[in-house]
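Single-letter residue listing:
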Amino acid sequence: MAEPGRPSGGSGMGNDRRAAAEAIQAPGTEESLWAAWAGWDQWDEVAVPEGPVVVLAAHPDDEVLGFGGTSGGLTSAGRQVHVVTVTDGEGSHPGSRLMPPPVLAQARRAELAEALDVLGVDRQLRHRLGVADMRVAEEEAHVCSQVEKVLRNSGATLCVAPWSGDLHSDHEAAGRAARAAASAVGIELWQYPVWMWHWAVPDDPRVPWRSFHRLPLAPEELARKKSALRCFRTQIAPLDDHAAVILPPEELAHHQRPFETVLVETESG
Ligand SMILES: [Zn+2]
């Protein structure tokens, strides 16, 4: 997930990016509002196609927040799930002396390894790109070619990635790179929202709700996802010198529903 970075005068951040960062930093939509919404009752369920699946994450934890329940269900069924981690998420705690970026990167890699063990993702099928946190857009072409390589080598039939409209620049760039890679290989792309549950509201006109689909989770898949989420200790608890929690309980609640959500783009939109 990772913080969007603080807008600052000298960063060269455009107005759109500044507005996006502010939307993410503003108080989020409560899960009770989503829970009371009838909108998602109308979404179709979608089935994962046969064959290997490649799941892309901008930061260690995105793949579990957005698609961890489904991934765990797939590995239980003996299916191949590849995970591609674009950055190590070293930018989530700016200014921390206890966890400066290199220490945080190492901690987050270890948390991810633990979480993917919980989900049963084969260690041979984990790919780390090592792009700098908050710099995915600058490396988009590189990310695209690396993802395309994984898609081809794995024989994947489906690529799953953060949503290119999620308002976090790294998530959006990862989503765009995945879309280009999946299109080059000629396979389907599904995108999962992460920050959208925070900044959007039910029936939000900024969200293409008609493209949304549900992936129901069995109770054991949801339980496994929750265990995997507990591995991300740097994200779900405060540090001694950094009180702000990236994924407080109210944020995690959006990702502990008995279903997961993907956008499936079609040519008709
Ligand atoms: Zn992220």
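Residues numbered from 1 in each chain as written. Predicted model: local features only at pLDDT ≥ 70, side-chain atom pairs only at ≥ 80, totals over all residues. Heavy atoms only, no water.

Enquirer: Help me out: how do you make sense of the overall build of the chain in this one?
Expert: Across its full length, the chain carries 10 helices and 8 strands. At 17 Å, the chain has a C-alpha radius of gyration in line with the 18 Å of a compact globule built from 269 residues. Over its C-alpha atoms, taken along the principal directions, the chain stretches across nearly 45 × 40 × 35 Å. Taken over 269 residues, the chain has a buried fraction of 53%. Partitioning the contacts of the chain with sequence separation of at least 6, the portion at a separation of at least 24 is 81%. When the accessible surface of the chain is summed, it comes to about 11,600 Å², and 51% of that surface belongs to carbon and sulfur atoms. (Helix = DSSP H or I, 4+ residues; strand = E, 2+ residues; numbered from the N terminus. Rg over C-alpha atoms; globule rule 2.2 N^0.38 Å. Buried < 20%, exposed > 50% of the residue type's maximum accessible area, 1.4 Å probe, protein only. Contact = heavy atoms within 4.5 Å. Areas by Shrake-Rupley, 256 points an atom, 1.4 Å probe, with all protein chains shown as cover.)

Enquirer: I tried to follow the environment of Ala244 on my own but got confused; where do I start?
Expert: One can find Ala244 in the loop between helix 9 (233-236) and helix 10 (249-252). In sequence terms Ala244 and Ala21 are 223 residues apart; their C-alpha atoms lie 16 Å from each other.

Enquirer: Teacher, can you tell me more about unusual backbone geometry here?
Expert: For residues besides glycine, phi is generally negative; the peptide bonds are generally trans as well. The phi torsion at Asp61 lies on the positive side, around 125 degrees, for a residue other than glycine. With respect to the secondary-structure elements, Asp61 resides in the loop between strand 2 (53-57) and helix 3 (62-76).

Enquirer: Just checking my understanding: could you explain the sheet that holds strand 2 for this structure?
Expert: Sheets are built from strands that pair by backbone hydrogen bonding, the pairs being arranged parallel or antiparallel. Strand order in the open sheet formed by 8 strands is 1-7-8-6-5-2-3-4, with mixed pairing between adjacent strands. For this open sheet the edge positions go to strand 1 (44-45) and strand 4 (126-131), each flanked by a neighbour on one side alone. Against the sheet, helix 4 (residues 101-119) engages strand 3 (81-87) and strand 4, with an angle of about 160 degrees to strand 4. (Pairing = 2+ DSSP bridges. Axes fitted to C-alpha atoms, helices over the stretch in contact; angles between N-to-C directions.)

Enquirer: Please clarify how the side chain of Arg214 should be interpreted in this entry.
Expert: The residue Arg214 is located in strand 7 (residues 212-216) in this model. Asp41 provides the closest opposite charge to the buried, unpaired Arg214, separated from it by 4.3 Å. Those residues within four positions of Arg214 in sequence are excluded, and the remaining contacts are Trp40, Asp41, Trp43, Asp44, Glu45, Val46, Phe259 and Glu260. (Lys, Arg positive; Asp, Glu negative; His and termini not counted. Salt bridge = Lys/Arg side-chain N within 4 Å of Asp/Glu carboxyl O.)

Enquirer: It is not clear to me how the pairing of strand 5 (residues 158-162) should be interpreted in this structure. Could you clarify?
Expert: Consecutive residues of a regular strand have side chains that alternate between opposite faces of the sheet. Across the 5 residues that make up strand 5, a large majority, 5, are buried. Bridge count for strand 2 against strand 5 is 3 bridges, and the pairing is parallel. Note that in strand 5 the partner of Val55 across the bridge is Val160. Sheet analysis places strand 5 next to strand 6 (residues 188-192), joined by 5 bridges and oriented parallel. Pairing of Cys159 across the sheet is with Leu189, part of strand 6.

Enquirer: What is the right way to read the nonpolar core from this model?
Expert: It is characteristic of soluble globular proteins that their nonpolar side chains tend to be buried jointly. In terms of nonpolar packing, the biggest core is built from 47 residues, with Phe67, Trp190, Met196 and Trp209 touching the most fellow members. The next biggest cluster of nonpolar side chains, apart from the first, holds 24 residues, and it includes Val54, Val84, Val131 and Cys144. (Core = buried A, V, L, I, M, F, W, Y, C linked by side-chain atoms within 4.5 Å.)

Enquirer: What am I meant to see in the confidence of the model for the chain here?
Expert: Low pLDDT means the predicted atomic positions in that stretch should not be read closely. Here the chain averages 93 in pLDDT, while 94% of its residues score no lower than 70. A low-confidence stretch, residues 5-12 (pLDDT under 50), is modelled with 10 contacts involving residues beyond four sequence positions or located in other chains. (pLDDT = per-residue confidence, 0-100.)

Enquirer: Which parts of the structure should I look at to understand helix 8 (residues 219-229)?
Expert: All buried positions along helix 8 are accounted for by Leu222, Lys225, Ala228 and Leu229. In an axial view of helix 8, the angular spread of the buried residues amounts to 120 degrees, which keeps them on one side of the axis. Facing away from the buried surface of helix 8 by more than 90 degrees, the exposed residues are Pro219 and Glu220. In the core, the buried residues of helix 8 are packed alongside helix 3, helix 4, helix 9, helix 10 and strand 8 (259-264). (Arc of directions from axis to C-beta.)

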